[in-house]
Amino acid sequence: MARTAYVTDLKSLQGECSANYLRLVRLVGDMEAGQRRDIALRGDKTYFGDLHLYIHEQAPYTTMVDVSQTGPLDAVLEGSRMRVHLYHDVRMAEVTDFQRERHFNGRYRYPNARMHQPDEKLQLNRFLGEWLAHGLAHGHTVNVPEMP
């Protein structure tokens, strides 16, 4: 039986990037380059960790935001980190760096040497969306001094 090639779901990817743009804009507000915001993620009596947002770079049409998470399992697992580009002219946010790996393709042949999923780029942007939605729903801002 012949295998069919994976076709990038561009509509889903663009929808996720548009939704992530709106989520990030709500979370970073009027922050400027060099500023950081920590969002504590808590339930009723449970601490789930912190979501960290850092404005790495700002230009008229783009902003680079470093998004990371720390939590109770940091001693066992390395916290997740990603860099997200916000494109203000098209109102989209895209993950461009995850765990120090950059430039993700829209699709990958599977299997591959890095064991990326065929829709790795879409999955990373969905993961960012879940993080941000959780931060908006359950987060509490913690005041942090500006980074030097």
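The rules we used
Residues numbered from 1 in each chain as written. Predicted model: local features only at pLDDT ≥ 70, side-chain atom pairs only at ≥ 80, totals over all residues. Heavy atoms only, no water. Phe/Tyr/Trp six-rings, centres within 6.5 Å; stacked < 30°, edge-to-face > 60°. Helix = DSSP H or I, 4+ residues; strand = E, 2+ residues; numbered from the N terminus. Buried < 20%, exposed > 50% of the residue type's maximum accessible area, 1.4 Å probe, protein only. Expected span 1.5 Å × (residues − 1). Pairing = 2+ DSSP bridges.

## What to know about the packing of aromatic side chains
Right, on to step 1. Evaluated as defined, the whole model comprises two aromatic pairs.
Right, on to step 2. Residues Phe98 and Phe127 carry aromatic rings whose centres are separated by 6.1 Å and whose planes lie at 90° to one another, so their mutual orientation is edge-to-face. Here Phe98 is found in strand 5 (residues 92–98), whereas its partner Phe127 is found in helix 2 (residues 120–138), with 29 residues between them in sequence.
Right, on to step 3. By relative accessible area, Phe98 is classed as buried at 19%.
Right, on to step 4. Using a relative accessible area of 29% as the deciding quantity, one classes Phe127 as partly exposed.
Right, on to step 5. Their ring planes at 40° and their centres at 5.1 Å tell us that Phe127 and Trp131 sit as a pair that is tilted. Note that Phe127 and Trp131 are positioned in helix 2 at a spacing of four residues, about one turn of the helix.
Right, on to step 6. One aromatic cluster is present, formed by Phe98, Phe127 and Trp131 through successive ring pairs.

## Quick look at helix 2
Right, on to step 1. Taking 1.5 Å per residue, 19 residues should reach 27 Å; helix 2 reaches 27 Å between its end C-alpha atoms and fits that length.
Right, on to step 2. Of all the positions in helix 2, only Glu120, Lys121, Leu122, Leu124, Asn125, Leu128, Gly129, Trp131, Leu132 and Gly135 are classed as buried.

## A few points about the pairing of strand 2 (residues 47–58)
Right, on to step 1. Both strand 1 (residues 36–42) and strand 2 contribute to a ladder of seven bridges, which runs antiparallel. Bridge pairing in strand 2 places Ile39 opposite Leu51.
Right, on to step 2. Counted along the chain from strand 1 to the antiparallel partner strand 2, the turn is four residues long.
Right, on to step 3. Pairing of strand 2 with strand 3 (residues 62–70) involves eight bridges; the strand directions are antiparallel. Directly across from Glu57, in strand 3, lies its bridge partner Met64.
Right, on to step 4. Where strand 2 folds back onto strand 3 in an antiparallel hairpin, the turn is made up of three residues.

## Here's the deal with unusual backbone geometry
Right, on to step 1. Even without being a glycine, Arg91 presents a positive backbone phi close to 55°.
Right, on to step 2. You can see Arg91 is positioned in the loop between strand 4 (81–87) and strand 5.
Right, on to step 3. Residue Arg91 is classed as partly exposed on the basis of its relative accessible area of 46%.

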